[in-house]
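Residue-level structure breakdown
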Amino acid sequence: MFRHLMLCATFCTATLVQIVASPASAKDAYIPIIVPLTGFLSLEGTAQRNGAVQALENTPEGVSATYEVLDTATSPEQAVTALHRALDRGEPVAAAASIFGTQMLAMLPVAKRAGLPLVTVSGTAKLTELNNPYIFRFFPGDAVVKVAHANYAVRELGAKRPALLYQTTAYGQSGRVHLARRLREMGTPLVYEEALAPSVKDMLPALTKLKAAAPDVILLHLHSAPTALAIRQARASGLDLPVVAGSAMHQPSTAKLLEAAHLKGVCAESASSPVSESVAKIAAFTREFRERFATDPDAFAMAQYDGINMVLAALADGASSAQEVRNWLAGHTFEGLAMTYKSDGKGNMAHDAVIICYDGETLVPTVVKRYHNVDGVL
Amino acid sequence: MSASILQLLVNGIALGAAYALIALGFVLVINAIGAVNFAQGDLVMTGGFVAVILADWLIESEAWTTWGLGVLVLPLTMVAMAALGILFSLFAYVPLRNRPPVSVFISTIAFGMMLQHGANAAFGPDPRNGPPLIEAGMVSFGSVGVSLQQISVIVAATFLIGTTRVVLFQTQFGRQLRATAQDQEMAEAIGVDGFRSIGLTFALAVALAGAAGMLLSNQFFVTPTDGGVFMLKAYIAVTLGGWGRLDGATVAAILIGIFEVMVAAVVSYVVAEALLYATLLLVLLLRPSGFLAESIQRRT
């Protein structure tokens, strides 16, 4: 019995490797997808994977590309190992790389030595501050989205006493710095703030203190499940203040955790919201994504889709090596589905943000405000 | 503020009660095989997903309505998890039972990883919302409103902990489990089927983990990576309460829940966590047997 199971496990593993790994042929451009598919960032990593795969399965005419998906899990070592494996398997012209900033920091020196452009949606500010010419970030960083976040709360909702709950992770702390700075600049400093570890389940203690500070808006900069928990527990404890959340709230999987009524008065910043858009090109992307992956696309998926499409545009324009692709990404403007992308010289490609709001009746948000060219690069 | 304190206290007790179920299962396995079960947290996560699947299936097949769904899903989850517990013992313990305990605890880590990655592959990385034990709502005590869901979690956990205690200490079956846990060879010498007792201990421990998973999955959602947090809390509860002591682990788990919530409310979550780990270190340093030391001191 045990031997049979072991044989079955061995066979299944071998089959899986065959399916996942599709070795590059000489004429095809090889673009590995090196993202976290397991561990605490698997939700975002899977969105990245799906966006990249959708782009690579719909290459422009004249461009042929192969890909393989490599899981970076949760540690920098695994990410670097996956990158080395991709480099050993062929001559990649670019790679879709992890959303996890800590992994990206470890991968960047390897990519620089190999001359391989990394196309990511990671928001960690440090990534584009290291003078590494091989990083290209297709999701707006905190310098863009947190400005939109704060501006919407203060200028559109009229907030004067904002309160903030943020994550203790690098993601949370980076967002907190930009939000607090922008709010101070606008003369509306935070009246309460608290950092929550991603493992915190019961948020009533923080909400009790937040309530005592008498804020007029709740700002959230939390991951997916903590965002839903904070909103549900706030509503259950009678806190009916407007909420402006971070980009995790725009993810359809976050909204599905809540009842539509809980979402009344809830808005969020994001790079985009594919499920909210009726523009034909985006609607077609969303429809195809749902058919291919049986789930709704989010902004991470669409940003990664746009990023890989820009790489494919470089190939279509004649770039044939990793260095030529890098130069093309650094020097061209690209019209993607979510926005127009252009490097600021450091690899920050995305400069727009949107604010989405829920009406309390459906789980599909509406884009209520668009902030174009927030950092003035375009 | 008194209203807030009462609500915080109820939340702390509810959280602690769920931790107690996890810790109880943890101690049962330690006592039975002398090795730490590092898959306990992932088994809690699995219980949450089993509850989600059962609830979806009962509603989609129109076998049940949403009314009272949780009350039906809880025992069904426990039965399914008990079966998984027996499988767990067959795969992670039986092949290694004559090896040193370190082999078994490594195999439990591997089993936990398989559960985590299996859940990720089967259900995807999205957080899922389990069924409530009873319908959402508030119950008023004067001017104080307390969540009905939290109260139901406390009642369910108290019932399960009490029932486990009765089974272990007041039934022949429980005596056999405890006899095997104390000395398997001696228990077998007097006619107890040690192999069967250990399998049933795993079933009971994993059923309790499943119950905790179901109770937590509605309040706090469930994701494939949730196991680590629950594992840590159970480990701390067992260390503080006393290795091998069911009562110690239960009391310590409830106190941890209350401590976490109240300190976070007065100071911050970061301080609450730091103080909890500082207490753990102090206990390991000054009283490694825990507050309620095991009488025969097998594990300290």
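From a predicted model like this one, the values you see are computed outputs, not experimental measurements.

Counting secondary structure elements, chain A contains 12 helices and 16 strands. Along the first, second and third principal axes, the C-alpha atoms of chain A reach 65 × 60 × 40 Å. Out of the 378 residues belonging to chain A, those deemed buried represent 55%. Looking at chain A alone, contacts between residues at least 24 apart form 69% of all its contacts between residues at least 6 apart.

The phi torsion of most residues other than glycine is negative, and most of the peptide bonds are trans. All names here are of chain A. The phi dihedral of Asn131 falls on the positive side, at around 55 degrees, and the residue is not glycine. By secondary structure assignment, the location of Asn131 is in the loop between β6 (118-120) and β7 (135-137). Looking at Asn131, the number of C-beta atoms within 10 Å reads 9, which means it is exposed. At Ala214, a residue that is not glycine, the phi angle is positive and equals roughly 50 degrees. The class for Ala214 is exposed, based on 11 C-beta atoms found within 10 Å.

We now examine the interface of chain A and chain B. The interface of chain A with chain B comprises 26 residues on the first partner and 25 residues on the second. For the side of chain A that touches chain B, the secondary-structure elements that each account for two or more residues are α2 (42-56), β9 (192-196), α7 (204-212) and α8 (224-236) of chain A. Of the residues belonging to the side of chain A that touches chain B, the class tally is 14 nonpolar, eight polar and four charged.

Next up on the list: the environment of Ala189(B). Mapped onto the fold, Ala189(B) is located in helix α7 (residues 184-189). With 10 C-beta atoms counted inside 10 Å, the residue Ala189(B) sits in the exposed group.

Residue and element names in this part refer to chain A. The domain architecture assigned to chain A consists of domain 1 (23-140 + 279-347) and domain 2 (142-270 + 354-371). Averaged C-alpha coordinates put domain 1 and domain 2 at centres separated by 29 Å. Taken together, the residues of the side of domain 1 that touches domain 2 break down into five nonpolar, four polar and two charged.

This part covers the packing of helix α3 (residues 76-89) of chain A against helix α4 (residues 101-114) of chain A. All names here are of chain A. It is at 8 Å that the axes of α3 and α4 come closest, and there the two elements cross at 30 degrees. The angle between α3 and α4 falls in the class roughly parallel. In terms of crossing hand, the pair formed by α3 and α4 is right-handed. Two secondary-structure elements touch here, α3 through Pro76, Ala79, Val80, Leu83, His84 and Leu87 and α4 through Thr102, Gln103, Ala106, Met107, Val110, Ala111 and Ala114.

What follows concerns the sheet that holds strand β8 (residues 162-167) of chain A. Strands belonging to one sheet form pairs held by backbone hydrogen bonds; the direction of such a pair is parallel or antiparallel. Residue and element names in this part refer to chain A. What the seven strands build is an open sheet, ordered β9-β8-β10-β11-β12-β15-β16; its pairing is mixed. Because the sheet does not close on itself, it has two edges, and the strands there are β9 and β16 (366-371). Looking at each pair of strands side by side, their axes are set apart by 20 degrees on average, direction ignored. Taken together, the two bridges between strand β10 (residues 217-221) and strand β11 (residues 243-245) define a ladder with parallel strand orientation. Bridge pairing links Ile218 to Val243 in β11.

All right, on to α8(A) then. Residues and elements named next belong to chain A. Compared with an ideal rise of 1.5 Å per residue, which puts 13 residues at 18 Å, α8 spans 19 Å between its outermost C-alpha atoms and is within 8% of the ideal. With respect to burial, α8 is a largely interior element, 12 of its 13 residues being buried. Residues of α8 that are buried: Ser224, Ala225, Pro226, Thr227, Ala228, Leu229, Ala230, Ile231, Arg232, Gln233, Ala234 and Arg235. Of the residues one or two after α8, Gly238 is the one with positive phi, at around 85 degrees.

Before going further, it helps to spend a moment on the sheet that holds strand β2 (residues 33-35) of chain A. Residues and elements named next belong to chain A. The strand order across the open sheet formed by five strands is β4-β2-β5-β6-β7, and the pairing between neighbours is parallel. Looking at the sheet topology across the chains shown, the edges are occupied by β4 (69-71) and β7. Here the average twist between neighbouring strands, direction ignored, is 25 degrees.

Residue and element names in this part refer to chain B. Relative orientation of the contacting elements helix α2 (residues 40-60) and helix α3 (residues 69-93) amounts to 130 degrees, with a least axis distance of 9 Å. One finds that α2 runs oblique with respect to α3. Crossing hand, α2 versus α3: right-handed. Seen from α2, the contacting residues are Thr46, Gly47, Val50, Ala51, Leu54, Ala55 and Leu58; seen from α3, they are Leu69, Leu72, Val73, Leu76, Thr77, Ala80, Met81 and Leu84.

Another point: the nonpolar core. Ile31(A), Ile34(A), Ala18(B), Leu21(B), Ile22(B), Ala23(B) and Ala237(B) are the most contacted members of the largest nonpolar core, which totals 215 residues. For this core, the element with the most residues is helix α1 (residues 2-33) of chain B, which contributes 20 residues. Two domains each provide a minimum of three residues to this core, namely domain 1 (23-140 + 279-347) and domain 2 (142-270 + 354-371) of chain A.

Calculation criteria
Residues numbered from 1 in each chain as written. Chains lettered and ligands numbered in written order. Predicted model: local features only at pLDDT ≥ 70, side-chain atom pairs only at ≥ 80, totals over all residues. Helix = DSSP H or I, 4+ residues; strand = E, 2+ residues; numbered from the N terminus. Buried ≥ 20, exposed ≤ 12 C-beta atoms within 10 Å, placed from the backbone. Contact = placed C-beta atoms within 7 Å. Nonpolar A, V, L, I, M, F, W, Y, C, P; charged D, E, K, R; others polar. Domains from an automatic or database assignment. Axes fitted to C-alpha atoms, helices over the stretch in contact; angles between N-to-C directions. Parallel < 35°, antiparallel > 145°, perpendicular 65-115°, else oblique. Left-handed = near helix turned anticlockwise from the far one by under 90°. Pairing = 2+ DSSP bridges. Expected span 1.5 Å × (residues − 1). Core = buried A, V, L, I, M, F, W, Y, C linked by C-beta atoms within 7 Å.

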